[in-house]
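So the chains spell out like this:
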Amino acid sequence: MQKEAWQREILRVVIVTGLGLALGWSAGFPLWGLLAGLIATLIMLLRSVEALFRWSYRQGPPPQDAGLVGYSVDKLIRREKNLKNKLAQQAAQLQRYNQGIESLHDGVVIIDQEGHITNFNGSAARLLGLRKQDTGQHMTNLIRNPRFTRYFNEADYGSSLQFDVSHRKQFSLQVQITQFGLDQKVMLVKDITERKRVETMRQNFIADVSHELRTPLTVINGYLEMLQDMELAPALKRAIGQMGSQSQRMTLLVNDLIQLSKLESANTEQVGTWFDLQQLSFSVVDQLQALSNGRIRLRCDQKIEVQGFAEEMSSILSNLLTNAVKYGGEGTIEFSVRPVYDGVKVSVKDEGPGIPPQHISRLTERFYRVDESRESTVGGSGLGLAIVKHALEHHDTVLDIESTMGKGSTFSFVLPDERCRVEQKD
């Protein structure tokens, strides 16, 4: 097709210039005839180009030309038609995507790299209280929650965030932000109000039952202690002793349940007060040295103050050290509190048999047991590490567990730098 257009264009130039040359020759002026033919060819070409120019600006019909201009016009018309078809298909596809996003029960918010809203669906408007005129506003200007602001600004979106908002009604939300392309982010907003209500009911139920069990257990323990002091038959005395040990175990379980319920229902917006972690660590070790037969070795050479909750931190350290004493073999237990580049690292290392890899990720679950037979001999409620997990969340950190079979285990966490004040050595 392109070759034919070139041929027709050349043929037209040859015919017109040839005609001009022939007329000039017949008049005795061949050079002037040739020049006139070339000028006529140029005028025809300029007229076609002018028509093409006017058509390109929608100021006239497409030029009717059999040469290169006509060929170009045909190509442009076909390309424009194909482009319109593709744009129509993409618009229909985009509309389907928008309808799909709009039909989602979860909120979807599109954010640019700087944090400004570019688009959102109806569920996001309902859950976050957004309006059409909020497009272009910065996300943190519309969601005024300190935890969300910190989560958004830190840009560490490996995990989701839960928080409460109030507009017309109270919502409990879970948000997860992911990077979308090079310059956009997508924020998914899930309504967990009902789930949180059920969770709160469960926590309240456990707390209420645990509190109600305290009184009868106290009475039972009192009578069992009284019976143990009496002169009884050996078989009966042994039975009462077993009843007493199981009653004490149930009392520990009830106390742990109450403590766990308090941790789960505590206000996570509070940051706590400053306390001396070094002094607290020595105090916890002193309480457990008798249980450990002096196997705990504490290393804390500097005075370290931490912003948090001293009672919860005491529970954290006590649970980790108690587990090391019970399950960490007969070797030395190394308890270390030391500054690191991003805060203060607290670690408890034992020389026990180790933990199989498949169990490590589930150790902080309630009542999870690695070895049921071993648990029955050493006791324990199965809630210690669950308590540690929730208490560490109140200090903006998580429990890290490393274990090698036959060589021991290390339980550690890093308190963030903004929560710590370390006294520099002279």
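Residues numbered from 1 in each chain as written. Predicted model: local features only at pLDDT ≥ 70, side-chain atom pairs only at ≥ 80, totals over all residues. Heavy atoms only, no water.

Participant: So what about the side chain of Ser336? Which residues, and what values?
Facilitator: Note on placement: Ser336 falls in strand β9 (residues 333–340). On the basis of relative accessible area, Ser336 is assigned to the buried category, the value being 12%. With residues near it in sequence (within four places) discarded, Ser336 still touches Arg299, Lys345, Val346 and Ser347. (Helix = DSSP H or I, 4+ residues; strand = E, 2+ residues; numbered from the N terminus. Buried < 20%, exposed > 50% of the residue type's maximum accessible area, 1.4 Å probe, protein only. Contact = heavy atoms within 4.5 Å.)

Participant: Please provide a residue-by-residue account of the pattern of salt bridges, values included.
Facilitator: Across all of its chains, the model carries nine salt bridges by this definition. In this structure, the salt-bridge partner of Arg419 is Asp396, at a minimum N-O distance of 3.0 Å. Taken together, the residues Arg419 in the loop between β12 (408–416) and β13 (420–422) and Asp396 in the loop between α13 (384–393) and β11 (400–404) connect sequence positions 23 residues apart. Relative accessible area serves as the criterion here: at 45%, Asp396 is assigned to the partly exposed category. (Salt bridge = Lys/Arg side-chain N within 4 Å of Asp/Glu carboxyl O.)

Participant: Describe in detail the sheet that holds strand β8 (residues 304–308), supporting the description with residues and values.
Facilitator: Sheet architecture is open: three strands sit in the order β6-β8-β13, paired in antiparallel fashion. Of all the strands in the sheet, the pair left with one neighbour each is β6 (273–276) and β13. With direction set aside, neighbouring strand axes in the sheet form an average angle of 20°. Bridge analysis of β6 against β8 gives four bridges, and the strand direction is antiparallel. (Pairing = 2+ DSSP bridges. Axes fitted to C-alpha atoms, helices over the stretch in contact; angles between N-to-C directions.)

Participant: Could you give me a rundown of a negative patch on the surface, with the residues and numbers involved?
Facilitator: Together, Glu154, Asp156, Asp342, Asp417 and Glu418 make up a negatively charged patch on the protein surface. For Asp417, the location among the structural elements is in the loop between β12 and β13. A relative accessible area of 47% places Asp417 in the partly exposed class. (Patch = residues over 30% accessible without salt bridge, like charges linked within 9 Å, V, L, I, M, F, W, Y side chains within 5 Å. Areas by Shrake-Rupley, 256 points an atom, 1.4 Å probe, with all protein chains shown as cover. Lys, Arg positive; Asp, Glu negative; His and termini not counted. Charge placed at Lys NZ, Arg CZ, Asp CG, Glu CD.)

Participant: I'd like a description of the pairing of β11, backed by residues and values.
Facilitator: Inspection of the sheet shows β11 paired to β12 by five bridges, in the antiparallel sense. Across the sheet, residue Glu402 finds its bridge partner in β12, namely Thr410. Two successive antiparallel strands, β11 and β12, enclose a turn made up of three residues, where Gly406 displays a positive phi of approximately 85°.

Participant: Could you give an account of the nonpolar core, naming the residues involved and the relevant values?
Facilitator: Among the nonpolar cores identified, the biggest contains 42 residues, and Leu277, Met313, Leu320, Leu321, Phe335 and Phe413 are the most heavily contacted of them. Elements represented by at least two residues in this core include exactly α8 (234–265), α9 (277–292), β8, α10 (310–327), β9, β10 (343–349), α13 and β12. Counting residues in each nonpolar core, the second largest holds 24 residues, with Ala124, Leu130, Ile143 and Val175 among its members. (Core = buried A, V, L, I, M, F, W, Y, C linked by side-chain atoms within 4.5 Å.)

Participant: Outline the side chain of Lys185, supporting the account with residue identities and numerical values.
Facilitator: Among the secondary structure elements, Lys185 is positioned in strand β5 (residues 184–191). Side-chain polar atoms of Lys185 contact the side chain of Tyr157, separated by 3.5 Å. Ignoring any residue separated from it by four or fewer positions in sequence, one finds Lys185 in contact with Val109, Ile110, Ile111, Gln113, Tyr157, Ile177, Thr178, Gln179 and Phe180. (Polar contact = N/O pair within 3.5 Å; in protein donor to acceptor, adjacent residues only side chain to side chain.)

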